[in-house]
Amino acid sequence: MISPLAYVDPAAKIGKNVTIQPFAYIEGDVVIGDECIIMSGARILNGTRMGKQNIVHHGAVLGSTPQDFKYEGEDSLLIIGDKNDFRENVVVARATHKDGGTRIGNENYLMDGTHLCHDVQVGNKNVLGIRSMMAGESRIDNCSILSSGVIIQQHCHIGDWVLIMAGCRIAKDVPPYIIMEGNPASYHGINAMVLQHKNQMGERILRHIMNAYRLVYQGNFSVQDALLKIEDQVPMSDEIHNIINFIQNSKEIVK
């Protein structure tokens, strides 16, 4: 159902069973997949490519032009997967350049006032808390939680199953499975409760993850020496490989 009180550019491509409420605004270079709901006052702007069953609440703006001095008016993209929930007043910018893209995966929940800047990469099943912010070219993998008021600075990478507590400012990469707290943000143990409840991770693997991070954060070693000790002392699993690969590919992790 498309309300006659909504503005939908005739060039926009609208899927099947899409609901567009009164006073929503849809520009022409937009694709909206099947069974999406666009609520009143929401704005879907040029360059937005949206999958199926997304919900866009009142006042959200998707596909805004990037707040980046390098932007010169290129026809860049915001690419969105399926089953995401964009709550009130969320703002998501598209990429700075035509060959880039701000990308959001599937089943993410973006709470009121969340702001994603240009070229941000968001994986699947993340929760971004009220008024959290991700600066340009930052990245969050899968199943992580940013609590209210978290700020992720430019180029930072957040791993899988991370919990970042309210108000943290993150200026370096955050490896998978851990909790960050305080300002300056620092390691506060592994995300054991969520890992057990949601990921159904066993006690043995949790213990191995804890031992790996004890070497990284609580041992008197350099990061590279800690990785060597993990390989030598901690039984290998997919989770331990994930930790090692993340840290090896990071420019600098939060310590």
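The rules behind these values
- Residues numbered from 1 in each chain as written.
- Predicted model: local features only at pLDDT ≥ 70, side-chain atom pairs only at ≥ 80, totals over all residues.
- Heavy atoms only, no water.
- Helix = DSSP H or I, 4+ residues; strand = E, 2+ residues; numbered from the N terminus.
- Rg over C-alpha atoms; globule rule 2.2 N^0.38 Å.
- Buried < 20%, exposed > 50% of the residue type's maximum accessible area, 1.4 Å probe, protein only.
- Contact = heavy atoms within 4.5 Å.
- Areas by Shrake-Rupley, 256 points an atom, 1.4 Å probe, with all protein chains shown as cover.
- Lys, Arg positive; Asp, Glu negative; His and termini not counted.
- Charge placed at Lys NZ, Arg CZ, Asp CG, Glu CD.
- Arc of directions from axis to C-beta.
- Polar contact = N/O pair within 3.5 Å; in protein donor to acceptor, adjacent residues only side chain to side chain.
- 1 Å grid on protein atoms, 1.4 Å probe; cavity = no way out; pocket = protein on both sides within 12 Å on 5 of 7 lines; lining within 4 Å.
- Points joined across faces, edges and corners; volume = space filled by probe spheres on them.
- Core = buried A, V, L, I, M, F, W, Y, C linked by side-chain atoms within 4.5 Å.
- Salt bridge = Lys/Arg side-chain N within 4 Å of Asp/Glu carboxyl O.
- Phe/Tyr/Trp six-rings, centres within 6.5 Å; stacked < 30°, edge-to-face > 60°.
- Axes fitted to C-alpha atoms, helices over the stretch in contact; angles between N-to-C directions.
- Parallel < 35°, antiparallel > 145°, perpendicular 65-115°, else oblique.
- Left-handed = near helix turned anticlockwise from the far one by under 90°.
- Nonpolar A, V, L, I, M, F, W, Y, C, P; charged D, E, K, R; others polar.

Chemist: Could you give an account of the overall build of the chain, with specific residues and numbers?
Modeler: A count of helical and extended segments in the chain gives 4 helices and 27 strands. The C-alpha atoms of the chain give 20 Å as radius of gyration, which agrees with the globular expectation for 255 residues (18 Å, within 12%). Viewed in the frame of its principal axes, the chain has a C-alpha envelope of about 65 × 40 × 30 Å. Out of the 255 residues in the chain, the part that is buried amounts to 50%. Long-range pairs, those at least 24 residues apart, make up 28% of the contacts in the chain between residues at least 6 apart in sequence. In the form shown here, the chain has an accessible surface area of approximately 12200 Å², with 50% of it arising from carbon and sulfur atoms. Of the side-chain charges in the chain, 23 are positive and 28 negative, and the distance between the mean point of each set is 3 Å.

Chemist: An account of helix α3 (residues 223–233) is needed here, citing residue identities and associated values.
Modeler: Listed as buried for α3 are Ala226, Leu227 and Ile230. The arc that holds the buried residues of α3, viewed along the axis, is 100 degrees, so those residues lie on one side. For α3, the exposed residues set more than 90 degrees away from the buried face come down to Gln224, Leu228 and Asp232. In this fold, the buried residues of α3 make contact with α2 (203–218) and α4 (238–248).

Chemist: Give a detailed account of the side chain of Thr96, specifying residues and quantitative values.
Modeler: In this structure, Thr96 sits in the loop between β13 (91–93) and β14 (102–104). There is a polar contact of 3.1 Å between the side chain of Thr96 and the side chain of His118.

Chemist: Requested: an account of the layout of surface pockets, with residues and values cited.
Modeler: In this model, the largest pocket occupies a volume close to 180 Å³. Forming the boundary of the largest pocket are His155, His157, Ala171, Lys172, Asp173, Asn249, Ser250, Lys251 and Glu252.

Chemist: Which residues make up the nonpolar core, and what values go with them?
Modeler: One finds Ile38, Ile164 and Ile170 to be the most contacted residues of the largest nonpolar core, which totals 67 residues. Those elements that provide at least two residues to this core are β5 (30–32), β11 (78–80), β26 (178–181), β27 (186–190), α2, α3 and α4. Among the elements that line this core, the one with the most residues is α2, at 8 residues. If sequence neighbours within four positions are ignored, Ile38 has contacts with Thr19, Ile20, Gln21, Ala24, Ile26, Ile32, Ile44, Met50 and Val56.

Chemist: Residue-level account of the pattern of salt bridges, with values.
Modeler: Inspection of the entire model under this criterion finds 5 salt bridges. Salt-bridge contacts for Asp68 lead to Lys70; the nearest nitrogen and oxygen are separated by 3.2 Å. Given a relative accessible area of 45%, Lys70 falls into the partly exposed group. A salt bridge links Lys172 to Glu252; its shortest N-O distance comes to 3.1 Å. In this pair, Lys172 is assigned in the loop between β25 (169–170) and β26 and Glu252 in the segment after α4, connecting sequence segments 80 residues apart.

Chemist: Explain the packing of aromatic side chains to me, using residue names and the numbers behind them.
Modeler: For the structure on display, the rule yields 4 aromatic pairs. With a centroid separation of 6.0 Å and 35 degrees between ring planes, the pair formed by Tyr187 and Tyr213 is classed as tilted. Of the two residues, Tyr187 sits in strand β27 while Tyr213 sits in helix α2, which places them 26 residues apart along the sequence. The class of Tyr187 is buried, set by a relative accessible area of 16%. With centroids separated by 5.9 Å and ring planes inclined at 35 degrees, the aromatic side chains of Tyr213 and Tyr217 adopt a geometry described as tilted. In this pair, Tyr213 and Tyr217 both sit in helix α2, 4 residues apart, roughly one turn of the helix. Note on Tyr217: relative accessible area 15%, which makes it buried.

Chemist: Give a detailed account of the packing of α2 against α4, specifying residues and quantitative values.
Modeler: With their axes 9 Å apart at the nearest point, α2 and α4 run at an angle of 25 degrees to one another. One element, α2, and the other, α4, form an angle in the roughly parallel class. The two elements α2 and α4 cross, and the hand of that crossing is right-handed. Listed contacts from α4 to Ile205, His208, Ile209, Ala212, Tyr213 and Val216 of α2 are Glu239, Ile240, Ile243 and Ile247. Residues of the contact of α2 with α4, tallied by class, amount to 8 nonpolar, 1 polar and 1 charged.

Just distances and angles here, no functional claims.
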